[in-house]
Amino acid sequence: MKPVIKIKRVYEPSAKGDGYRILVDRLWPRGMRKEDAHIDEWAKDISPSTELRKWYDHTPDLWSEFQKRYKAELKKNETVPAFVEGHEDKKIITLLYGAKSEEYNHAIVLQQYLEKLF
């Protein structure tokens, strides 16, 4: 059965309904202590590249182009198939991100991308 994939800011409290919690940021979230994050895994390799992250800089006007570029990165990313294969047994996966914007962040793109692969 295909997992349910949710997204959530890493700064929000963990909940039972989160299932398997995966931090999907390349950098550790500011001000967050590791013991407070309650993460099961840190998947840096499937987050946007440093170059793309810096280019985008959470600028809403660049959102459409960011999505295209990030999806292109994910298609070329050799770690994505292994990531999917390694998580097929999970019932619920929550992708955790540190960005302030709940509308314009890479976890949204990643969620949509992974939902098609599972």
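It should be noted that the structure appears before, not after, this text.
Attention here is on the structure that accompanies the text. Going along each chain's sequence as written, the residues are numbered from 1 onward. Local features in a predicted model are, by the rule used here, given only for residues with pLDDT of at least 70; side-chain atom pairs are given and counted only at 80 or more, and totals for whole chains, interfaces and linings are based on all residues. As a rule here, side-chain values cover all heavy atoms of the structure and leave hydrogens and water aside.

Digging into unusual backbone geometry
The line we're drawing: Elements are defined by DSSP. Helices are runs of H or I of four residues or more, strands are runs of E of two residues or more, and each kind is numbered from the N terminus.
A positive phi is found at His38, a non-glycine position, where the angle reads about 50°. Mapped onto the elements of the fold, His38 is located in the loop between helix 1 (34–37) and strand 3 (41–42). Phi at His58 takes a positive value of approximately 55°, unusual for a residue other than glycine. Position of His58 relative to the elements: it lies in the loop between helix 2 (50–56) and helix 3 (63–76).

Quick look at the pairing of strand 2 (residues 20–23)
Cut-off, in case you're wondering: Each pair of strands is called paired provided DSSP finds at least two bridges between the two strands.
Bridging between strand 2 and strand 4 (residues 92–97) involves four bridges; their strand directions are parallel. Of the residues in strand 4, the one forming a bridge with Tyr20 is Ile93. Here two bridges tie strand 2 to strand 3, and the two strands are oriented parallel to one another. Paired with Leu23 across the bridge in strand 3 is Trp42.

Thoughts on helix 5 (residues 106–117)
Note the cut-off: One less than the residue count of a helix, multiplied by 1.5 Å, gives the span that helix is expected to have. Burial here depends on accessible area, computed with a 1.4 Å probe over protein chains only, as a share of the maximum for the residue type. Under 20% is buried, over 50% is exposed, and the range in between is partly exposed. Contacts: residue pairs with any heavy atoms within 4.5 Å of one another. Under this definition, polar contacts are N or O atom pairs within 3.5 Å; protein pairs additionally need one hydrogen-donor-capable and one acceptor-capable atom, and for neighbouring residues in sequence, both atoms have to be side-chain atoms.
Compared with the 16 Å implied by 1.5 Å per residue over 12 residues, the 17 Å span of helix 5 between its first and last C-alpha is a close match. Taken together, the buried positions of helix 5 are His106, Ala107, Ile108, Val109, Leu110, Gln111, Tyr113 and Leu114. In this structure, the buried residues of helix 5 make contact with strand 1 (4–9), helix 3, helix 4 (80–86) and strand 4. Measuring from the side-chain oxygen of the N-cap residue of helix 5 to the backbone nitrogen of Ala107 gives 3.0 Å; that N-cap residue is Asn105.

Regarding the pairing of strand 4
Judged by how many residues are buried, strand 4 sits mostly within the fold: five of six residues are covered. Bridge analysis of strand 1 against strand 4 gives six bridges, and the strand direction is parallel. Its bridge partner lying in strand 4, Ile5 is registered against Ile93.

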